[in-house]
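Commentary on secondary and tertiary structure
If you want the building blocks of each chain, they are given just below.
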Amino acid sequence: MKIPISKPFFDEKDLEIINEPLISGWVTQGVFVQQFEDTFRKFISANYAVAVSSGTTALHTALAALKISKGDEVILPAFSWVATANAVEYCGAKPVFCDIEPDTFNIDPQEIEKHITPETKAIIPVHLFGLPVAMDIILEIARRYKLKVVEDSACGFGSYYKNNHVGIFGDAGCFSFHPRKAVTTGEGGMVVTSDEELDKKFRELRNHGASQVPDGQSLLSEYNVLGFNYRMTDIQGALGVSQMEKASEILTKRILAAEYYDKLLKNFNKLRKPVRGENCVHSYQSYVCMLKSENTSNINVDELNRKRNLLMQMLSERGISTRQGTHAITNLGYYVNKYRINPGDFPNAYASDKLSIALPLFAQITREEQDFVVDNLKELFKKPELMF
């Protein structure tokens, strides 16, 4: 049996619709992108939605539109995909890292104020693996210090905090449609907002800085701002339209699969299961566990890390794909070297980098496959080299 870490949910409708731009000959940004934006906007109850080429470019577009620039500081979690920090770097600003809560993997709101300086201009909360951040606390801090909020909702499609979809709380919300996400366009992203002026800026910035042509389509646009080529193709937009038609089905199946893992691992004391959070709907972009240990010192974390890596290797040899949850950006060479970071200053992010393990999860996964995953996990943990 071969079980991938993830698998996109495609059907005949997806195959049919992506042919339509090819037949028409209009394959760059067009009517399907517009339709995708509108469908996505309505699904999450956003006022405006702008499709771009990736989740990373969504973050960069949002920060650029909010005029984050050289000399500014932006607070973000130390445990996230590197793109969260890279987008800040693209603006010439400085990413300021904040440790995470050990149980949620999300930024620790109680730590944020320690990192605020006169140069702080924004906060990027990340709804990691589909678990919403406590946005009311984030928004209160932002209000008191007059900071912008850009939600990194790359993993957050289908996630709700207090009955509202993530991504619509802050000044902007950024989504990804990478193949490991619930709905995918291959690569692709979306930036959403409730602000009409920001929506206009997003649309200018994604298209080289182009403003609207006043009369007809024969004249070229005006270019009054420095923009980027972050457009989504209509082939991707068409796939997005088709994917959104089954979004609710995909999300429901993923959540049911996560709940089945919860049941299988209920009394298994070697792994800490994902928490659901209060007042939340967890969409389970990934099902990320942690190796459990009484002692959380870095020495013990490093020892357990070797066992985690060996476990993942053994599972792979049995046909089961796993991944570490994500990385601690504060462990990565570029950021360690540029900002002279000591990874040990972010102990929860450090431990999460070294001890997290994502189990296979996708809409089509069967209970037989999940049984196979968990049976092998339990069997392998009995081996002397993996005991702790």
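Note that the coordinates shown come from a computational prediction; the quantities given were computed from them, not determined experimentally.

So, the overall build of the protein
- When helices and strands are counted, the protein shows 14 helices and 13 strands.
- For 388 residues, the compact-globule estimate of 2.2 N^0.38 gives 21 Å, and the protein sits close to it at 21 Å.
- C-alpha atoms of the protein, sized along the principal axes, occupy 75 × 55 × 35 Å.
- Counting the 388 residues in the protein, one finds 54% classified as buried.
- Considering only contacts within the protein whose residues lie at least 6 apart along the sequence, 70% involve residues at least 24 apart.
- Measuring between centres, the 44 positive side-chain charges of the protein sit 4 Å from its 48 negative side-chain charges.

Here we look at the pattern of salt bridges
- Throughout the structure, instances matching the rule amount to 20 salt bridges.
- Its salt-bridge partner being glutamate 259, residue arginine 276 comes within 3.6 Å of it at the nearest N-O pair. Here glutamate 259 lies in helix H10 (residues 247-264) and arginine 276 lies in the loop between strand S10 (271-272) and strand S11 (280-281), a separation of 17 residues in the sequence.
- Of the residues examined, arginine 276 reaches a relative accessible area of 39% and is grouped as partly exposed.
- The network of salt bridges with shared partners includes Glu37, Asp199, Arg203 and Arg206.

Quick notes on the packing of helix H4 (residues 55-65) against helix H8 (residues 196-206)
- Closest axis-to-axis distance for the H4/H8 pair is 9 Å, and the angle between their directions is 125 degrees. On the basis of the axis angle, H4 is oblique to H8. Crossing handedness for the pair H4 and H8: right-handed. Note on element contacts: H8 touches H4 through Leu198, Lys201, Phe202 and Leu205, opposite Thr61, Ala62, Ala64 and Ala65.
- Across the contact of H4 with H8, the residue classes tally to 6 nonpolar, 1 polar and 1 charged.

Rules used throughout
- Within every chain, residues take consecutive numbers counted from 1 along the sequence as written.
- Per-residue local features of the predicted model are confined to residues with pLDDT of at least 70, and side-chain atom pairs are confined, for both listing and counting, to 80 or more; whole-chain, interface and lining totals are unaffected and use all residues.
- Derived side-chain values reflect all non-hydrogen atoms in the structure, with water molecules and hydrogen atoms excluded from consideration.
- Counting from the N terminus, the helices are DSSP H or I runs at least four residues long and the strands are E runs at least two residues long.
- We compute the radius of gyration over the C-alpha atoms and compare it with the globule rule, which gives 2.2 Å times the number of residues raised to the power 0.38.
- Residue burial is assigned from relative accessible area. The probe radius is 1.4 Å, only protein chains are included, and a residue is buried under 20% of its type maximum, exposed over 50%, and partly exposed in between.
- Here a residue-residue contact requires only that any non-hydrogen atoms of the pair lie within 4.5 Å.
- We treat Lys and Arg as the positive residues and Asp and Glu as the negative residues; His and chain ends play no part in the count.
- We put the charge of a Lys on NZ, of an Arg on CZ, of an Asp on CG and of a Glu on CD.
- Salt bridge criterion: a side-chain nitrogen from Lys or Arg within 4 Å of a carboxyl oxygen from Asp or Glu.
- Here an angle of 0 to 180 degrees is reported between the N-to-C directions of two axes, which are lines fitted to C-alpha atoms, with helices fitted over the stretch in contact.
- Each angle gets one of four labels, with under 35 degrees taken as roughly parallel, over 145 as roughly antiparallel, 65 to 115 as roughly perpendicular, and the rest as oblique.
- Definitions for this section: a left-handed crossing has its near helix turned counterclockwise from the far helix by less than a right angle. A right-handed crossing has that turn clockwise.
- By the convention adopted, Pro, Cys, Tyr, Trp, Phe, Met, Ile, Leu, Val and Ala count as nonpolar, Lys, Arg, Asp and Glu as charged, and the other residues, Gly among them, as polar.

Purely geometric numbers; function is a separate question.
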